[in-house]
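Okay, here's what each chain looks like letter by letter:
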Amino acid sequence: MTDFSVFTAPGINALHPYVPGKPIEELERELGLSGTIKLASNENPLGPNPLGREAAAEAIAGINLYPDDSGYRLKAKLAHRYGLAPEQLVLGAGSSDVIAMTARTFLAPGRSAVFSRYSFAMYPIYTTAAGAECRVADALSPDDDGMPYGHDLDAMAKLVDESTRVVFIANPNNPTGTWLQTEALYRFLQALREDVVVVLDEAYTEYVTEADFPDGVAWLGDFPNLIVTRTFSKIYGLAGLRIGYGMAGAPLIDLISRVRQPFNVSLPALAAAEAALDDGDFLQRSRENNDQGLKQLAAGFDALGLAHIPSVGNFITVDLQRNGGEIYQKLLEKGVIVRPVANYDLPDHIRVTVGTEAENRRFLEALQEVLAA
Ligand SMILES: *Cc1c(COP(=O)(O)O)cnc(C)c1O
């Protein structure tokens, strides 16, 4: 028998596929449960963006046609919103698609990418898939009282050398929820060689209400090597449609767009995203629900004597001081799906997405029961 693993491209055999949150349908099928809740993938608990949902439903009538490959209307709208030229935008099937395109454009065997420990699981996958080397910087100490487990920008800068072509930074970071403040991040970018591309992954930026929080888009004029990625999957509530975007100087976008698959963003997704941008009310409600939910969960963890990592995202990662995988399993049996984070090097933590008030309450009650058992 032919062993095809001998013939794979560099990096492929070393890959471990991304493990997504468990779908509700799968859990209910396996355990014969109903009424389960999923707080596992940082999806919007208020449902889909209403304007986006309506636009997608209308767009379905035209799906015999390919979508507009240039994304003309959505790009025009985003460009107007951010004060950019349309040539400064690239659209993706989720922002992960844009991150993957950037990796594909600049990484190869003999090159390296730098990112932090406990950061987004796709960075090592895209780096390894390109045959490049992962340089993983130590995070801030768990005992740091400011930002435990957060990105240590000095440690990251030290790992950059001539082989480094890409640095990945998630702000806020997933799965920790930690964040970088304006001045520290700006100084990091200033000190970095201009031929190293920085992917500033802002998937959760619309949730952040902290005063000192950077807006990467405002810095695009200062840093031609910066690409900022954002998504419609999180606060816009359109994760199932797969749409996100990247913003950078036009020359960088031109290069990255060369590896984009034709028609990578579907017709309903384009329509939904365009409409969703007008739904300020939904955004506001989502942000308020999140702020209250973060407080509710934090108070719940305090009451259970559990330490959590400070978060400005739509999720919190909590230290259970025992095996998180086991607690995850027991929560599943109670119809509550959260995210184990052992694959992020956090075996004693679980990550929970902020749900509605009732979902958060149900999760906290289930957690209390499981921990007491
Ligand atoms: C969710 C997430 C993304 C984006 O996911 P898409 O659905 O592909 O847009 C990107 N980065 C981080 C850190 C995330 O958590």
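Each remark here, short or long, concerns the structure printed above.
Described below are features of the structure shown in this document. (Residues numbered from 1 in each chain as written. Predicted model: local features only at pLDDT ≥ 70, side-chain atom pairs only at ≥ 80, totals over all residues. Heavy atoms only, no water.)

In this section: helix α7 (residues 182-191). Within α7, burial applies to Leu185, Phe188 and Leu189. Viewed along the axis of α7, the buried residues span an arc of 95 degrees, placing them on a single side of the element. Of the residues in α7, the exposed ones pointing more than 90 degrees away from the buried face are Glu183, Arg187, Gln190 and Ala191. (Buried < 20%, exposed > 50% of the residue type's maximum accessible area, 1.4 Å probe, protein only. Helix = DSSP H or I, 4+ residues; strand = E, 2+ residues; numbered from the N terminus. Arc of directions from axis to C-beta.)

Pairing within the open sheet is antiparallel, and its four strands lie in the order β9-β10-β13-β12. In this open sheet, the two strands that pair with only one neighbour each are β9 (307-308) and β12 (339-340). (Pairing = 2+ DSSP bridges.)

What follows deals with the pattern of salt bridges. All chains considered together, the criterion is met by 19 salt bridges. Measuring nitrogen to oxygen at the nearest pair gives 3.0 Å for the salt bridge that ties Arg260 to Asp69. Taken together, the residues Arg260 in the loop between α8 (250-257) and α9 (267-276) and Asp69 in the loop between α2 (50-59) and α3 (72-82) connect sequence positions 191 residues apart. With a shortest N-O distance of 3.2 Å, Glu274 and Arg73 are connected by a salt bridge. Here Glu274, found in helix α9, pairs with Arg73, found in helix α3; they are 201 residues apart in sequence, far enough to count as distant. On the basis of relative accessible area, Arg73 is assigned to the exposed category, the value being 57%. It is possible to trace a salt-bridge network through shared partners that takes in Lys22, Glu26 and Glu30. (Salt bridge = Lys/Arg side-chain N within 4 Å of Asp/Glu carboxyl O.)

Moving on, we get to the packing of α2 against α9. Relative to each other, α2 and α9 sit at 150 degrees, their axes nearing to 7 Å. As for how α2 packs across α9, the hand of that crossing is right-handed. Across the interface between the two elements, Leu51, Gly52, Ala55, Ala56 and Ala59 from α2 touch Leu267, Pro268, Ala271, Ala272, Ala275 and Ala276 from α9. Grouping the amino acids of the contact of α2 with α9 by side-chain chemistry returns ten nonpolar, one polar and no charged. (Axes fitted to C-alpha atoms, helices over the stretch in contact; angles between N-to-C directions. Left-handed = near helix turned anticlockwise from the far one by under 90°. Contact = heavy atoms within 4.5 Å. Nonpolar A, V, L, I, M, F, W, Y, C, P; charged D, E, K, R; others polar.)

Within the fold, Arg339 resides in strand β12. Sequence separation between Arg339 and Pro175 is 164 residues, and the spatial gap between their C-alpha atoms is 9.5 Å. Other than its neighbours up to four places away in sequence, Arg339 contacts Tyr18, Val19, Pro20, Gly21, Leu39, Ala40, Ser41, Ile350 and Arg351. In this structure the side chain of Arg339 is engaged in a polar contact, spanning 2.6 Å, whose partner is the backbone oxygen of Ala40. (Polar contact = N/O pair within 3.5 Å; in protein donor to acceptor, adjacent residues only side chain to side chain.)

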